[in-house]
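Coordinate inspection notes
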Amino acid sequence: MPTVGVKRDLLFTALGRTYTDEEFDELCFEFGLELDEITSEKEIISREQGDTKASGASDVILYKIDVPANRYDLLCLEGLVRGLQVFKNKLEAPRYRRVSPVSGKLQRLIITKETAAVRPHAVAAVLRDITFTQERYDSFIELQEKLHQNICRKRSLVAIGTHDLDTISGPFTYTAKPPGDICFKPLNQTKEYTATELMSLYKADSHLKHYLHIIEDKPVYPVIYDSNGIVLSMPPIINGDHTKISIQTKNVFIECTATDLTKAKIVLDMMVTMFSEYCSQPFTVEEAEVVYPGGKTIKYPELAYRTEKLNGEFVNRKVGINESTEKIAQLLTKMCLRSKATGVGDEIEVEIPPTRPDVIHACDIMEDAAMAYGFNNITRTTPRTYTVASQFPLNKLTELLRQDLAAAGFTEALNFALCSIEDVADKLGKKISETRAVHISNPKTAEFQVARTTLLPGLLKTIAANRKMPLPLKLFEISDVVLKDENKDVGARNSRRFCAVYYNKSPGFEVIHGLMDRVMQLLEVKPARGDGYHIQAADDSTFFPGRCAEIFVRGKSVGRLGVLHPDVINRFELTMPCSAVEMDIEPFLGHTAETTLTHDVPMQEVIKHKFPTQDESLQARPTSTKTVLGDMSTTAGLKALNDFLADKSYMEGYAASQADTAMFDAIPSSPSSTFCHVMRWYKHIKSFQRERASLPAAKSQFVLPAATNTTSDDDDDIDLFGSDDEAESAEAERIKEQRLAEYAAKKSKKPALIAKSSILLDVKPWDDETDMAKLEECVRSVSMDGLLWGQSKLVPVGYGIKKLQIGCVVEDDKVGTDLLEESITAFEEYVQSVDVAAFNKI
């Protein structure tokens, strides 16, 4: 999410009132934003560059506000204030108008056919008679930068150019020329450069160097001239210095060149709508004419309004509210979407302004309605359907295999899913075209060029990094590889693989073969052709000739095992023989691992359940509420039932039964939300009232018959495990209390165990001239209750410098390492730093 930084006082002035930080944070939340940080320019520079650099920076309070990535209209102070004012009903959403110039002569931007090779599209507009202040100018420039980083995709899709119209004359020509033929003075430079020289110059520029790659490999560079041959800009890199705008600029010519025309229109609309309020005619934009190579002319900006229609029932159902059509229309109007009820049923007509290109579907409008209503105001409800959660089968199988492979003495490794072309092809003796690897279009490093198609290279690289460890090295990994698949929407699929390697002075093929047999045993696949598994000889350039076998399960190949080829071992910088096995584990699931979990949810069964009325649900109440868990008419009984149902869905088993209905009937009324588990169970069993007679019989008796309640009217609970002799119980309780008291008295006489620790400290001096004897004297002068100094010695560090290594014993409750370090470093003349070299509990 982009972050917009605005000055707090300037924001409050524009909003017309002052907020506390908490109040403004709450306002942002209501509007769908987040107040990320309250800081200042000085604090930011101090944090990033140090206090010295921040000495002259401003102390003005800044609000850092996180804005949704698709809300381009909130990326500047003007749009943010306008949106909040409309949301608080202090302002009506403005209407933006495109007007013709007073002179009647349109500014024209002519596109030549040469631009097709680089950036074929361009749009333009004019902000006439605009009044800038320093704050408005800064916001204008910052909005360009925010758009460049967001929708413009770092200028690769769209580049914005703003020019002082009074310094140039139209018509303007947008063309493309060889870099050696373009010469002009760029922004903030003192002399002219050719485009070739500029590309070299800006390679060292921390800001512009990130955009050079967009055109530097092109045979021609885009450039915009006015009628006098003055260069306005060389998009997407830099504007010309001659046309730069300032606070005194009155007329701004805005041009956007692009590879995506739709994005260019959106960016132009954002620029002109956000700042047209500062024109002499607020919210009006002077149109400009763009002439395409074929002679076609289009006027920009479009500033297009469009209408969408949706039903109030749709909004209520999706959001979970119950509001009238008129109320929903008012909520949408608060979000700058002028809306009204059409009078046809519950239909609502919504007007989408040019500032809201993020609204592309009815769901976007519904989301704005939910935001205006307030997410905290939506009543929480318990879903009327139920599901039984279970672990994804493929992940469950993976976890089980991991445990057993670790028990077999193999160590698990976890490697990157991306690797180099060399790892998956060249080093394994294969051609990259044979691997079905998915390539990264713009890899940042040579290490991450493709998605791995095998787990073997990762394990071999792990062994190479640990080859000094004691032999044998036994590693395994169970993870995904990525393979091209034309049958998938994305052209690729994940496949869960298991791979293990054995690295030792001997190949150890029998170890790998035995591990494979163990895996098959765990998967309950018998060693037999046909319905079982078997291996047969195979040729593979990764393995040693004659030492490779293919694994078949139920007649289908699932992987290979064998002794790795010496060349493969050498390419991974290993020196010992190595055996490996790799196989696909998805075929052992019995069904595709991509089955959606919703197929397991009994949706049709849920639809059949009809919820009875309150009268129907109370018809068969028993005369007794006594149960094994207590009296359900009391809080204690309900609490016992709540604890019982904490990890259960039903009273017994995994489906509703007569045990549930009996307990349901024993509860006099719907339980309160305090007993959350009982309430969940109660509502679920309530849905079975229609078919309760057909439920399975109970295996256990949880509800006691009414006859059990004949002993006493005052007896609220039944003590199933109590004694019949109350006097005997009282005597047993007295003896128990006496013994507990004797034990406590005896224990109190024992001395308390004091926790102690042995600490070894490294005390480092400033240089080789520090008096180490005096340093040790200072250290030992530190005295505390619970501290006892021990032996010490001087340990060479380098360049003639020695550190003091001194031991001590401390009582944990009285002395901490932080306190010790603070006390020793107080001797600043001798001590540079103190480190804890060792810490042991005694």
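About the criteria used
- Residues numbered from 1 in each chain as written.
- Predicted model: local features only at pLDDT ≥ 70, side-chain atom pairs only at ≥ 80, totals over all residues.
- Heavy atoms only, no water.
- Helix = DSSP H or I, 4+ residues; strand = E, 2+ residues; numbered from the N terminus.
- Contact = heavy atoms within 4.5 Å.
- Areas by Shrake-Rupley, 256 points an atom, 1.4 Å probe, with all protein chains shown as cover.
- Buried < 20%, exposed > 50% of the residue type's maximum accessible area, 1.4 Å probe, protein only.
- Arc of directions from axis to C-beta.
- Core = buried A, V, L, I, M, F, W, Y, C linked by side-chain atoms within 4.5 Å.
- Pairing = 2+ DSSP bridges.
- Axes fitted to C-alpha atoms, helices over the stretch in contact; angles between N-to-C directions.
- Patch = residues over 30% accessible without salt bridge, like charges linked within 9 Å, V, L, I, M, F, W, Y side chains within 5 Å.
- Salt bridge = Lys/Arg side-chain N within 4 Å of Asp/Glu carboxyl O.
- Lys, Arg positive; Asp, Glu negative; His and termini not counted.
- Charge placed at Lys NZ, Arg CZ, Asp CG, Glu CD.
- 1 Å grid on protein atoms, 1.4 Å probe; cavity = no way out; pocket = protein on both sides within 12 Å on 5 of 7 lines; lining within 4 Å.
- Points joined across faces, edges and corners; volume = space filled by probe spheres on them.
- Nonpolar A, V, L, I, M, F, W, Y, C, P; charged D, E, K, R; others polar.

Observations concerning the overall build of the chain
- From N to C terminus, the chain includes 23 helices and 34 strands.
- Seen through its C-alpha atoms, the chain measures out along the principal axes to roughly 110 × 85 × 80 Å.
- For the chain, long-range pairs separated by at least 24 residues make up 69% of all intrachain contacts whose partners lie at least 6 apart in sequence.
- Surface summary for the chain: the accessible area is close to 45400 Å², and the carbon and sulfur share equals 50%.

A word on helix H20 (residues 676–686)
- Turning to H20, its buried residues number three or more, namely Val678, Met679, Trp681, Tyr682, His684 and Ile685.
- Where H20 is buried, its residues meet helix H18 (635–644) and helix H19 (658–666).

Comments concerning helix H1 (residues 8–15)
- Those residues of H1 not exposed but buried are Leu11, Phe12 and Leu15. Within H1, the buried residues cover an arc of 95° as seen down the axis, which keeps them to one side.
- Those residues of H1 that are buried lie in contact with strand S1 (3–7), helix H2 (21–30), strand S3 (61–66) and helix H4 (77–87).
- Among the residues trailing H1, glycine 16 stands out with phi positive, at a value near 85°.

What to know about the nonpolar core
- Residues Leu11, Phe24, Ile65, Leu127, Phe140, Leu147 and Ile254 are the most contacted members of the largest nonpolar core, which totals 76 residues.
- Counting residues per element, this core draws most heavily on helix H7 (residues 261–275), which supplies 9 residues.
- Apart from the residues lying within four places of it in its own chain, the contact partners of isoleucine 65 are Pro2, Thr3, Val4, Val6, Phe24, Leu33, Glu34, Leu35, Asp36 and Leu80.
- Of all hydrophobic cores here, the second largest spans 28 residues; its members include Leu394, Ile512, Met520 and Leu589.

Details of the sheet that holds strand S18 (residues 339–341)
- Ordered by their spatial adjacency, 3 strands build an open sheet running S17-S19-S18, and the pairing between neighbours is antiparallel. Here the strands that pair on one side only, and so sit at the sheet edges, are strand S17 (306–311) and S18. Adjacent strand axes in the sheet meet at a mean angle of 25° when their direction is disregarded.
- When S18 meets strand S19 (residues 347–352), the two strands line up antiparallel, connected through 3 bridges. The residue of S19 that forms the bridge with lysine 340 is glutamate 349.
- Contacts from helix H9 (residues 325–334) reach S18 and S19, with the element oriented near 175° to S18.

Here we look at the sheet that holds strand S26 (residues 543–553)
- One open sheet accounts for 7 strands, arranged S20-S23-S24-S28-S27-S26-S25; its pairing is mixed. Looking at the sheet topology across the chains shown, the edges are occupied by strand S20 (411–412) and strand S25 (533–537).
- Here S25 runs beside S26; their pairing, made up of 5 bridges, is antiparallel. When the bridges of S26 are listed, isoleucine 535 appears paired with isoleucine 551.
- Here helix H11 (residues 393–407) sits on the sheet and contacts S20, strand S23 (473–484) and strand S24 (492–503); the angle it forms with S23, its principal contact strand, is near 160°.
- Strand contacts of helix H14 (residues 509–522): S24, S25, S26, strand S27 (556–564) and strand S28 (578–584), with the helix running at about 135° to S24, the strand carrying the most contacts.

Observations concerning a negative patch on the surface
- A cluster of acidic residues, Glu22, Asp25, Glu26, Glu30, Glu34 and Asp36, forms a negative patch on the protein surface.
- Those elements that provide at least two residues to the negative patch are H2 and strand S2 (34–40).
- The greatest single-element share of the negative patch, amounting to 4 residues, is contributed by H2.

Overview of empty space enclosed by the protein
- Under the defined criterion, the tally for this structure stands at 2 cavities of 30 Å³ or more.
- By volume, the largest cavity amounts to about 100 Å³.
- Its residues assigned to classes, the lining of the largest cavity shows 6 nonpolar, 3 polar and 2 charged.
- Volume-wise, the second largest cavity comes out at about 40 Å³.
- What lines the second largest cavity is Ala93, Pro94, Tyr305, Cys336, Arg338, Glu351 and Pro353.
- When the residues that make up the lining of the second largest cavity are grouped by side-chain class, the tally is 5 nonpolar, no polar and 2 charged.

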